[in-house]
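Spelled out, the chains give:
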Amino acid sequence: MIDPHDVDICLSADGWMDDWGAESMSTPVVQTSLFAFPDFQSLLDGLAAEHHHHVYSRGGNPTVEAFEQKLAALEHGQDCIAFGSGMGAVSAVMMGLLQAGDHVLFVNHVYGPTLELARHLGRFGVEHDVLLDREKPLDSALRPNTRLVWMESPGTMLFRMIDIDAVAAVARERGVTTVLDNSWATPLFQKPIDAGIDVVVHSASKYIGGHSDLMAGAVVGGTELMHRIFRDAYMLNGATLGPWEAWLLLRGLRTLPTRMRQHEADALEVARFLDDHDGVRRVFHPAVGEDAELAGRQLAGTSGLFSFELDTDAFDDVREFIDSLERFRIGVSWGGTESLVLSPNNGRNGADLDAAGIPRGTVRVSIGLEGARPLIDDLTFALDAIS
Ligand SMILES: *Cc1c(COP(=O)(O)O)cnc(C)c1O
């Protein structure tokens, strides 16, 4: 169930108002790179506190701020910074909060490039580990120098849930900052900050934008942490969100509740169909199978991205299955109106998949807005093609 207050936040126009109180039904796009001041001292005052003033659009822009305020409100966070991509947001959190000698613990399967960035930070003296075993206590995986616990729930590719309240409690007791990538659930279906998580990261290129037409990211958290991220990373990395993309995100938010309800319903219907099909070994969807109880407690809803294991381990079958689909477009990313398909199996990485516990016959789908029926027909045809 989506909180009606969230729907109000998503739908509010935040318009421009004229002197007689007539309001535009969308936010103005303040398409400028810089702001000019009435006198030099005002410019100097602005530069001294760029977090709170409009000086240069790499630091702050009114259209971008309108989006940031809405996302902060939806996530129940104090502050939000928007970025030019999800990876811009991910890298700013790491650059802003880590230094040489620190250790990062990743819990659950996380987005590939996020882990890849952590590997590169090894060059700067930052170490990391990945904890995939849900039976292993978090405590035993934390080190004295662990500075961040970074998690996804549901996780990338297998969509396994972790108990985020429990992780947040253990980390807090040990003084470790927690980060959760909430791109899958969106703030409508999961509020990590309410569960005790310190920082929420988003790829807004997915559901928040919602139409596969922009790149954007965001970070939400408490004022102090966010100020460090702003000062030590955001202003220096330059992964800035443009005002026009911010406007598209504001428009995306206005249909987000409706889109998420439809993605949820259709994805569940497709997932249950696959769960019953002989050509499918397992479905990896938080609400179907062993994680359903935890998902029911932790999520207010489920989105349209999930995966399943074909009844095969052969790459040739996976490829043939994907190529037999006609409705699903073949491509990366997710969260748009079109259904998408891919596999983590590229024909050469079998051993890596085995090590990560990802079956070789895994296929990931993003359920768009075509309606469940034609998608089920398409899947039936492709499953027959490889049986
Ligand atoms: C896509 C994605 C990202 C990266 O976002 P971009 O906007 O592509 O840079 C980060 N985390 C998750 C879970 C993602 O799916």
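About the thresholds
Throughout this document, residue positions are counted from 1 along each chain, in the order its sequence is written. Per-residue local features are limited, in this predicted model, to residues with pLDDT of at least 70; the limit for side-chain atom pairs, both in listing and counting, is 80 or more; totals at the level of whole chains, interfaces and linings are taken over all residues. Based on all heavy atoms of the structure, the side-chain values leave hydrogens and waters out of the count. All axes here are fitted lines through C-alpha atoms, helices being fitted over the stretch that makes contact, and every angle between N-to-C directions spans 0 to 180 degrees. Numbered from the N terminus, helices here are DSSP runs of H or I no shorter than four residues, and strands are runs of E no shorter than two. When an angle is under 35 degrees it counts as roughly parallel; over 145 it counts as roughly antiparallel; between 65 and 115 it counts as roughly perpendicular; any other value is oblique. Working rule for contacts: check all heavy atoms of both residues, and any pair within 4.5 Å makes them a contact. In the scheme used here, Gly and all other residues not listed as nonpolar or charged are polar, with Ala, Val, Leu, Ile, Met, Phe, Trp, Tyr, Cys and Pro taken as nonpolar and Asp, Glu, Lys and Arg as charged. Nearness here has a simple test: a residue counts as near a molecule or strand if at least one of its heavy atoms is within 4 Å of that partner. Polar contacts, as counted here, are pairs of nitrogen or oxygen atoms within 3.5 Å of one another; within protein the pair requires one atom able to donate a hydrogen and one able to accept it, and residues that are adjacent in sequence qualify only if both atoms are side-chain atoms. All accessibility values rest on the Shrake-Rupley procedure with a 1.4 Å probe; residue burial counts only the protein chains present in the view. A pair of strands is labelled paired if DSSP reports no fewer than 2 bridges between them. Each nonpolar core is a collection of buried residues, namely Ala, Val, Leu, Ile, Met, Phe, Trp, Tyr and Cys, held together in the definition by side-chain atoms within 4.5 Å. The cut-offs for exposure are 20% and 50% of the maximum accessible area for each residue type, with area from a 1.4 Å probe on protein chains only; residues under the lower value are buried, those over the upper are exposed, and the others partly exposed. In summary, the pairing rule links any two rings of Phe, Tyr or Trp, Trp by its six-membered ring, whose centres are within 6.5 Å, and it sorts them by plane angle into stacked for under 30 degrees, edge-to-face for over 60 and tilted for everything else. We call a crossover right-handed when, viewed with the strands running away from us, the connection from the first strand over the helix to the second turns clockwise.

Asker: Give a description of the packing of helix α1 (residues 4-11) against helix α3 (residues 62-75) that names residues and reports values.
Answerer: Two numbers describe how α1 lies on α3: the axes approach to 10 Å, and their chain directions differ by 175 degrees. Overall, the two elements α1 and α3 adopt an arrangement that is roughly antiparallel. Of the residues in α3, those in contact with D6, I9, C10 and L11 of α1 are K70, A73 and L74. Its residues assigned to classes, the contact of α1 with α3 shows five nonpolar, no polar and two charged.

Asker: Which residues make up the site of the ligand, and what values do they have?
Answerer: Surveying the vicinity of the ligand reveals the residues S85, G86, M87, Y111, E152, D181, S203, S205, K206, M215, A216 and W334. Within the contact set of the ligand, an oxygen atom lies 2.8 Å away from a backbone nitrogen or oxygen of G86. Side-chain polar atom of W334 to an oxygen atom of the ligand: 3.4 Å apart, as the coordinates give it. Relative to its free-state accessible area of 380 Å², the ligand is covered by the protein chains to the extent of 91%. The class makeup of the residues in the shell around the ligand is five nonpolar, four polar and three charged.

Asker: How would you explain the sheet that holds strand β12 (residues 362-366) if you had to name every residue and give the values?
Answerer: Read from one edge of the open sheet, five strands run β8-β9-β12-β11-β10, paired in mixed fashion. Only two strands of the sheet have a single neighbouring strand rather than two, namely β8 (280-284) and β10 (329-330). Relative to β12, strand β11 (residues 340-342) runs antiparallel, the two sharing three bridges. The partner of L340 across the bridge, within β12, is S366. Those strands touched by helix α10 (residues 243-275) are β8 and β9 (305-310), and its axis lies near 10 degrees from that of β9.

Asker: Could you give me a rundown of the nonpolar core, with the residues and numbers involved?
Answerer: Core analysis: the largest hydrophobic core is formed by 41 residues, its most contacted members being F67, L71, L188, L241 and L249. Looking at this core, the elements with two or more residues in it are α1, α3, β1 (79-83), α8 (186-189), β7 (217-221), α10 and α11 (292-298). Among the elements that line this core, the one with the most residues is α10, at eight residues. Those residues in contact with L71 that sit more than four places away from it in its chain are C80, P187, H202, I208, A218 and V220. L117, V199, F230 and M235 belong to the second largest nonpolar core, which has 30 residues in total.

Asker: Would you mind going over the sheet that holds β7 in detail, with residue names and values included?
Answerer: With respect to topology, seven strands assemble into an open sheet ordered β1-β7-β6-β5-β4-β2-β3, the strand pairing being mixed. Strands with a single pairing partner mark the edges of an open sheet, and in this sheet they are β1 and β3 (127-131). Strand-to-strand twist across the sheet, computed as the mean angle between neighbouring axes with direction ignored, equals 20 degrees. Here strand β2 (residues 103-107) pairs with strand β4 (residues 146-151) via five bridges, running parallel. For H103, the partnering residue across the bridge sits in β4 and is T146. On top of the sheet, helix α5 (residues 112-121) reaches β2, β3 and β4; it is set at about 145 degrees to β3, its chief contact. Against the sheet, helix α9 (residues 223-237) engages β1, β5 (177-181), β6 (199-203) and β7, with an angle of about 25 degrees to β1.

Asker: So, the side chain of S324: which residues are in play, and what are the values?
Answerer: Structurally, S324 is set in helix α12 (residues 315-324). In contact with S324, other than residues within four places in its own chain, are D378, F381, A382 and A385.

Asker: Quick one: what's the story with the packing of aromatic side chains, residue by residue and with numbers?
Answerer: Tallied over the entire structure, the rule returns six aromatic pairs. When the centroid spacing of 6.3 Å and the interplanar angle of 50 degrees are considered together, the rings of F106 and W150 count as tilted. Remark: W150 occurs in strand β4 and F106 occurs in strand β2; sequence separation between them is 44 residues. A single burial state applies to F106 and to W150, both of which are buried. Pairing W244 with W247 gives two aromatic rings, centres 5.3 Å apart and planes at 10 degrees, and the pair type is stacked. Note that W244 and W247 are positioned in helix α10 at a spacing of three residues, about one turn of the helix. Put simply, the rings of F83, F230 and Y234 touch in pairs and so form one group of aromatic residues.

Asker: Can you break down the side chain of S85 residue by residue, with the values?
Answerer: Following the sequence through the fold, S85 ends up in the loop between β1 and α4 (86-97). Separated by 2.9 Å, the side chain of S85 and the backbone nitrogen of G88 make a polar contact. If we skip the residues at most four places from it in the chain, S85 touches M215, A216 and G217.

Asker: Could you give me a rundown of the pairing of β4, with the residues and numbers involved?
Answerer: Within β4, five of the six residues are buried, leaving the element largely enclosed by the surrounding structure. Pairing of β4 with β5 involves four bridges; the strand directions are parallel. Across the sheet, residue W150 finds its bridge partner in β5, namely V179. Each parallel crossover has a hand, and the one from β4 via helix α7 (residues 164-173) to β5 is right-handed.

By themselves, these are just geometric observations and shouldn't be taken as functional.
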